[in-house]
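Summary of structural features
The lines below spell out each chain.
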Amino acid sequence: MAGRTTSERKDLRRIVAITLAALTLVIAGAAGLMTYAAAGIDRVQAEKERQLAQVRLDRTLEGLIENINSSAIWNDSVISLAGRPDLEWLQINFGDYYADFMGHAVTLVYDRHGDLILTSRDSEPVDPASERAFIDAVAPLVAEVRRQAAAKHDRPRVSFDASVNQTALVSAGADIYLVGLGTVVREDLTQPRLDNDPVIVSAKPVSEFLGALEKDLAIVSPTLTEAGPSRDNQGYLVLEGPGDVVLGQVRWTPDRPGFSVLKGAAPAVGGLILLLAAAAMALFLRVRGIVRRLEENELDLTEARDRAEGANIAKTRFLGVMSHELRTPLNGVLGMAEILAMGDLDAKQRSQLGVLKQSGESLLALIERILTVARLEKGELVPDPVGVDAADLIHSLAVAHRPTAERAGLTLVAAADDSIEGLWRLDGDYLRQALGHLLDNALRHTSRGSVKLEARAIGSELEFRVADTGAGIAPSRLPDLFGKFVQADDSATRAKEGAGVGLTLARGLIEAMGGSVRAMSTPGMGSIFTIHLPAERVGTAAAAPAERQAA
């Protein structure tokens, strides 16, 4: 009996030991998981704060350009800098204005000869020698802006089309500055353009950016330090100057929601060692709290992103409103031109009136395109599918664009495969506009050779291809090609005109019908734009292929 009791005690001890070991492992595992989760959440929070800081830095640099252009794109500024500069006027309208109303620290004004004529700090003119480090730091930027501005003298330009802007971070002595540069240009054609554009440089110290991080984004104690490796538990933002030269780093202590939760849970975990069920419940509650905190942080990041994109939304709204406002008086101008054309005019006057009408109609077409872009962004374009003769649509487009091709010395070919014969259920007006934009783009950017419009049916889809033998598009430009106001060649010396909305409209109209547009290009060999559009054959076309060819 005694031997059995001893054996049972040993078994009991063994069970207790195993139980305690298992409980210890479970608690240790739970604590390890909590620690790992807390560290992961803290890393995510630090990365989100870094992204917010980068967005704020980009927006601050964009704001510098907006501030500079508010005085640089102005006829009075051009007049003041055309002859002997009025330094008092320049100080009031540049140095004082940027310092008192925009919070800029340093402002430099270079005349049309590239000579520095005004140095202002904190709303007071100062000796250039006192700002020599800053002047030397921005000298390469000024030279580059002047070079770009000279290239824009290829034709008459005004306002933002004539302006050249640039932003950068520069190191001057022991300070780092956020710098914006802009050229002084006329706001309209009533003022003659200077032979060379003066340049305005205005900057804010990085200390103001640090204050904005702490005040607006609640980033704790941001400080400027030299570049170096960063620890995982530390927030940082690398400040790079021209040529990707690292000027320094902004470091701060990021919010640590995971660590805070873990610290608060430690006493509870210690008190629940003997109650595994209660420990599991506590773990559940803590994890739920962590998720809630993470959701709150995600919401903060979304709000910050929306604020950063607010400027772009406001610009789109402004374009829509201004396009409406411009269309009304422009219609009046075109109407009066029609009335004048009914009068007794000699050949020269009628020719001049024709130029006026053509220019007005071109401007009205551009305004209509911009309005369509605004409607696309608002989701107001709804297709109205009906039975459409796709082959006839292809040939009518070719007939409409052939005069433009012939004037440019190009061959325009339309080839509709037999597979698309018949009526297809789709929005013919949207398709005609989209293909028209692609043809306009191809004809505009092809100097010799041909443009070809092809169509065929592939299963339940229609495929349309617009191919040209133009200069082609660089691979780096293809991802952004369908963006608003994007040019394949956006340099100041580009040879082709255009507002850069045709491809945007083409993609938007096709996507509104459930289709897609993609571009392929080889520099020097041409480009191919392909549309895939879901469609259903609903009938037989009225015109036969032979009749269409004869037409």
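Look a little higher up for the structure.
What you see is a predicted model; the values in this text were computed from it and never measured. (Residues numbered from 1 in each chain as written. Predicted model: local features only at pLDDT ≥ 70, side-chain atom pairs only at ≥ 80, totals over all residues. Heavy atoms only, no water.)

Next up on the list: the overall build of the chain. On a plain count of helices and strands, the chain comes out with 13 helices and 17 strands. Buried residues in the chain amount to 39% of all 551 residues. Residue pairs at least 24 apart in sequence account for 68% of intrachain contacts in the chain once pairs closer than 6 positions are excluded. (Helix = DSSP H or I, 4+ residues; strand = E, 2+ residues; numbered from the N terminus. Buried < 20%, exposed > 50% of the residue type's maximum accessible area, 1.4 Å probe, protein only. Contact = heavy atoms within 4.5 Å.)

A few words now on the sheet that holds strand β4 (residues 165–172). Taken together, six strands build an open sheet; the order of strands is β3-β2-β1-β6-β5-β4 and the sheet is antiparallel. The sheet is open, and its two borders are formed by β3 (124–125) and β4, each paired with just one other strand. In the sheet, strand β1 (residues 106–110) pairs with strand β6 (residues 199–205) via five bridges, with the strands oriented antiparallel. Looking across to β6, one finds that Val106 is bridged to Ala203. Here helix α3 (residues 87–102) sits on the sheet in contact with β1, β2 (116–121), β3 and β6, set at roughly 35° to β2. The sheet strands contacting helix α6 (residues 206–216) are β5 (175–183) and β6, and the helix crosses β6 at an angle near 50°. (Pairing = 2+ DSSP bridges. Axes fitted to C-alpha atoms, helices over the stretch in contact; angles between N-to-C directions.)

It is the contact of helix α10 (residues 390–407) with helix α11 (residues 428–444), at a shortest axis distance of 11 Å, that shows an interaxial angle of 30°. The angle between α10 and α11 places the two elements in the roughly parallel class. You can see that α10 and α11 cross each other, and the crossing is right-handed. Contacts between α10 and α11 involve Leu393, Ile394, Leu397, His401, Thr404 and Ala405 from the former and Gly428, Leu431, Arg432, Leu435, Gly436, Leu439, Asp440 and Leu443 from the latter. (Parallel < 35°, antiparallel > 145°, perpendicular 65-115°, else oblique. Left-handed = near helix turned anticlockwise from the far one by under 90°.)

With that settled, the discussion passes to the pairing of strand β12 (residues 423–426). Burial of β12 is one-sided: the residues Trp424 and Leu426 facing one way are buried, the residues Leu423 and Arg425 facing the other way are not. Judged from the four bridges that link them, strand β10 (residues 386–389) and β12 form a sheet pairing that is antiparallel. Pairing of Gly387 across the sheet is with Arg425, part of β12. Bridge analysis of β12 against strand β17 (residues 536–539) gives three bridges, and the strand direction is antiparallel. Bridge pairing in β17 places Trp424 opposite Arg537.

We now examine a nonpolar patch on the surface. Judged by side-chain polarity, Met336, Ile339 and Leu340 come together as a nonpolar surface patch covering roughly 290 Å² of accessible area. Assignment of secondary structure puts Leu340 in helix α8 (residues 276–341). (Patch = residues over 30% accessible without salt bridge, like charges linked within 9 Å, V, L, I, M, F, W, Y side chains within 5 Å. Areas by Shrake-Rupley, 256 points an atom, 1.4 Å probe, with all protein chains shown as cover. Salt bridge = Lys/Arg side-chain N within 4 Å of Asp/Glu carboxyl O.)

One open sheet accounts for three strands, arranged β10-β12-β17; its pairing is antiparallel. The open sheet is flanked by β10 and β17, the only strands paired with a single partner. The sheet shows a mean angle of 50° between the axes of neighbouring strands, taken without regard to direction. The sheet strands contacting α10 are β10 and β12, and the helix crosses β10 at an angle near 55°.

One finds Leu431 and Leu435 to be the most contacted residues of the largest nonpolar core, which totals 40 residues. At the level of elements, α10, β11 (411–416), β12, α11, β13 (450–458), β14 (461–468), α12 (502–512) and β16 (526–534) are the ones that each hand at least two residues to this core. At eight residues, α11 tops the list of elements feeding residues into this core. Leaving out residues up to four positions away in the same chain, Leu435 has contacts with Leu393, Ile394, Leu397, Leu453, Phe464 and Ile531. Core analysis: the next-biggest nonpolar cluster, separate from the first, contains 21 residues, Val164, Tyr177, Val199 and Val201 among them. (Core = buried A, V, L, I, M, F, W, Y, C linked by side-chain atoms within 4.5 Å.)

Glancing now at the side chain of Gln249. Tracing the chain through its elements places Gln249 in strand β9 (residues 246–253). Taking the relative accessible area as the measure of exposure, Gln249 reaches 5% and is therefore buried. Polar side-chain contacts of Gln249 include one of 2.7 Å to the side chain of Arg251. (Polar contact = N/O pair within 3.5 Å; in protein donor to acceptor, adjacent residues only side chain to side chain.)

Glancing now at the side chain of Ser163. Locating Ser163 in the fold gives a position in the loop between α5 (159–162) and β4. For Ser163, a relative accessible area of 6% corresponds to the buried category. Among all residues touching Ser163, those that are not within four sequence positions of it are Asn69, Ile73, Lys152, Thr183 and Val185.

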